[in-house]
Amino acid sequence: MFANKCILTGVKPTGKPHIGNYFGAIKPAIAMGHQAQRFNLFIADYHAINFMKDPELLQKEIKEIACTYLAAGLKPETDYFYRQSDIPEINEITTILYAFTPKGFMNKSHAYKACVERNLAENKPADDGVNMGLYTYPTLMAADILAMDTDIVPVGKDQIQHVEIARDIAGAVNAYYDKELLKLPEYVTADNVAVLPGTDGRKMSKSYNNVIPIFEDEKVIKKAVYSAVTDSKPIEEPKNPDDVIVYQIYKCFAPAEKVAEMAQGLREGKLGYGHTKAMLLDAILNETREVKEVYDYYMAHYDEACGFLEDGAAKARPYAQKTLQRLKETLFG
Ligand code: TRP
């Protein structure tokens, strides 16, 4: 389906992932990328400075995210894995795209609108704390996508609008000059991908404080698993597995026969919550053991990871250079 396509995705450097990120987003994104002819995955560090001003923290998060993707199965030799800031043509393309981006698009962008709504709810001025990087970020994101002749952008629901904006901007440029200067990207949403609940049953998210980490000591992981909310039904009372948070997390990644076993045990009143938690912990440790080893390796040999990022930029950059050249030749004559 994607065999002759370019799939591209950007990730913000947000540090170590939890199992919700890992099983619900990172692994499926890599699996989808590997069906494409060319898979571009980049670390969106220019996007990050909109909200992260501390260089030490930024570098720490870039390091963790780079090592995460390498551990999760990215193939640096064949995939295009790079830092956004290593491809300055993206920023030049952004400037060109500004000339074709109606301001109204930015006003409508979810990320900006969410900020404004939050401000108004708190009785602050609408644009409080909004910098131009945040305001215009869909245009930079459009450049990320269009620079690389991207066909497909796998996205979560929150990013659909941004890909549509990229498509609209590309369409406007092409229409103006009546030629296909920019490839129109499409988004795909991975709807078969599970959204992992957190330990309180809401979506697993750092902001809810309900996450189960991966790249931490076993003790920390265990503590998170055992904090999962349960009711006070005794072991022998039959339970509907879908009402049990531990089971809902478990079924997202544990082997099918183990999932069936837990479901049956709960239904028949043969499995207590303590036991289900032990099973969950076991599955997490098993399913992430190797990933963790590779992660630790790259964290300790970060120069190797940086080498991959530099090679990736060297492979990807000619695409952006060609796109920019095409645009400049047409625009400046
Ligand atoms: N905006 C995306 C996010 O918040 C990250 C991103 C930046 C991106 N540029 C992109 C995603 C280009 C896909 C394509 O997660």
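As the structure is a computational prediction, the values presented were derived from the model and not from experiment.

(A) Structural view of the overall build of the protein chain. Scanning the protein chain from terminus to terminus reveals 14 helices and five strands. Relative to the 2.2 N^0.38 estimate, which gives 20 Å for 333 residues, the radius of gyration of the protein chain is 22 Å and therefore close to what a compact globule would have. Relative to its full complement of 333 residues, the protein chain shows a buried share of 50%. Here the contacts in the protein chain between residues at least 6 apart in sequence split such that 77% fall between residues at least 24 apart. Only carbon and sulfur atoms are counted for the fraction: they give 51% of the accessible area of the protein chain, which is about 16,300 Å². One way to put it: in the protein chain the 39 positive side-chain charges average out to a point 2 Å from where the 46 negative ones average out.

(B) Quick peek at the nonpolar core. Ranked by internal contacts, the top residues of the largest apolar core, which has 65 residues, are Ile19, Phe81, Ile212, Phe253 and Leu280. Per-element accounting of this core gives the leading share, 10 residues, to helix α13 (residues 273-300). Residue contacts for leucine 280: discarding those within four places in its chain leaves Ile212, Val225, Val246, Ile249, Tyr250 and Phe253. Grouped together as the second largest cluster of nonpolar side chains are 44 residues, Leu97, Val116, Ile145 and Ala320 included.

(C) Here's a closer look at helix α8 (residues 137-147). With 11 of its 11 residues buried, α8 lies for the most part within the structure. Listed in full, the buried residues belonging to α8 are Tyr137, Pro138, Thr139, Leu140, Met141, Ala142, Ala143, Asp144, Ile145, Leu146 and Ala147. Aspartate 149 occupies a position one or two residues after α8 and carries a positive phi of about 50°.

(D) Looking closely at the site of the ligand. In the region of the ligand, the neighbouring residues are Leu8, Gly10, Lys12, Phe42, His47, Tyr137, Met141, Asp144, Ile145, Val153 and Gln159. Residue aspartate 144 places a side-chain N or O atom 2.8 Å away from a nitrogen atom belonging to the ligand. For the shell around the ligand, the elements supplying multiple residues, two or more each, are β1 (6-11) and α8. Looking at the shell around the ligand, the element that brings in the most residues is α8, giving four residues. Residues that form the shell around the ligand fall into these classes: six nonpolar, three polar and two charged.

(E) Spatial organisation of the environment of threonine 68. As for its position among the elements, threonine 68 is in helix α3 (residues 55-71). A relative accessible area of 1% places threonine 68 in the buried class. Excluding residues that lie within four positions of it along the chain, threonine 68 makes contacts with Pro17, Ile26, Phe215 and Tyr295.

(F) Molecular detail of the packing of α3 against α13. Packing of α3 against α13 brings their axes to within 8 Å, and their N-to-C directions diverge by 135°. Considering their axes alone, α3 and α13 lie oblique with respect to each other. At the point where α3 passes α13, the crossing takes the right-handed sense. In contact with Lys63, Glu64, Cys67, Thr68, Leu70 and Ala71 of α3, α13 contributes Val291, Val294, Tyr295, Tyr298 and Met299. Tallied by class, residues from the contact of α3 with α13 come to eight nonpolar, one polar and two charged.

(G) Broad picture of the environment of glycine 265. Tracing the chain through its elements places glycine 265 in helix α12 (residues 256-267). Glycine 265 sits 140 residues away from proline 125 along the chain, and the two C-alpha atoms are 55 Å apart.

(H) Structural detail: the pairing of strand β2 (residues 38-43). Of all the six residues making up β2, six are buried; the element is thus mostly covered by neighbouring parts of the structure. In β2, alternate side chains face the same way, and those of Arg38, Asn40 and Phe42 on one face and Phe39, Leu41 and Ile43 on the other are all buried. Note that β1 and β2 share six bridges and pair parallel. Bridge pairing links cysteine 6 to arginine 38 in β2. Chirality of the crossover, the property in question, places the unit of β1, helix α1 (residues 19-33) and β2 among those that are right-handed. Where β2 lies against strand β3 (residues 80-83), four bridges are found, and the strand directions are parallel. Note on β3: the bridge partner recorded for asparagine 40 is tyrosine 80.

(I) View of unusual backbone geometry. A positive phi is found at aspartate 178, a non-glycine position, where the angle reads about 55°. As for its position among the elements, aspartate 178 is in the loop between α9 (160-177) and β5 (186-189). Look at aspartate 178 and you get exposed, because its relative accessible area is 70%. Residues other than glycine seldom take positive phi values, yet asparagine 209 does so here, at roughly 60°. Summarising the element assignment, asparagine 209 is placed in the loop between β5 and α10 (218-226).

Each value, and the rule that gives it
- Residues numbered from 1 in each chain as written.
- Predicted model: local features only at pLDDT ≥ 70, side-chain atom pairs only at ≥ 80, totals over all residues.
- Heavy atoms only, no water.
- Helix = DSSP H or I, 4+ residues; strand = E, 2+ residues; numbered from the N terminus.
- Rg over C-alpha atoms; globule rule 2.2 N^0.38 Å.
- Buried < 20%, exposed > 50% of the residue type's maximum accessible area, 1.4 Å probe, protein only.
- Contact = heavy atoms within 4.5 Å.
- Areas by Shrake-Rupley, 256 points an atom, 1.4 Å probe, with all protein chains shown as cover.
- Lys, Arg positive; Asp, Glu negative; His and termini not counted.
- Charge placed at Lys NZ, Arg CZ, Asp CG, Glu CD.
- Core = buried A, V, L, I, M, F, W, Y, C linked by side-chain atoms within 4.5 Å.
- Near = heavy atom within 4 Å.
- Polar contact = N/O pair within 3.5 Å; in protein donor to acceptor, adjacent residues only side chain to side chain.
- Nonpolar A, V, L, I, M, F, W, Y, C, P; charged D, E, K, R; others polar.
- Axes fitted to C-alpha atoms, helices over the stretch in contact; angles between N-to-C directions.
- Parallel < 35°, antiparallel > 145°, perpendicular 65-115°, else oblique.
- Left-handed = near helix turned anticlockwise from the far one by under 90°.
- Pairing = 2+ DSSP bridges.
- Right-handed = clockwise from strand over helix to strand, strands pointing away.

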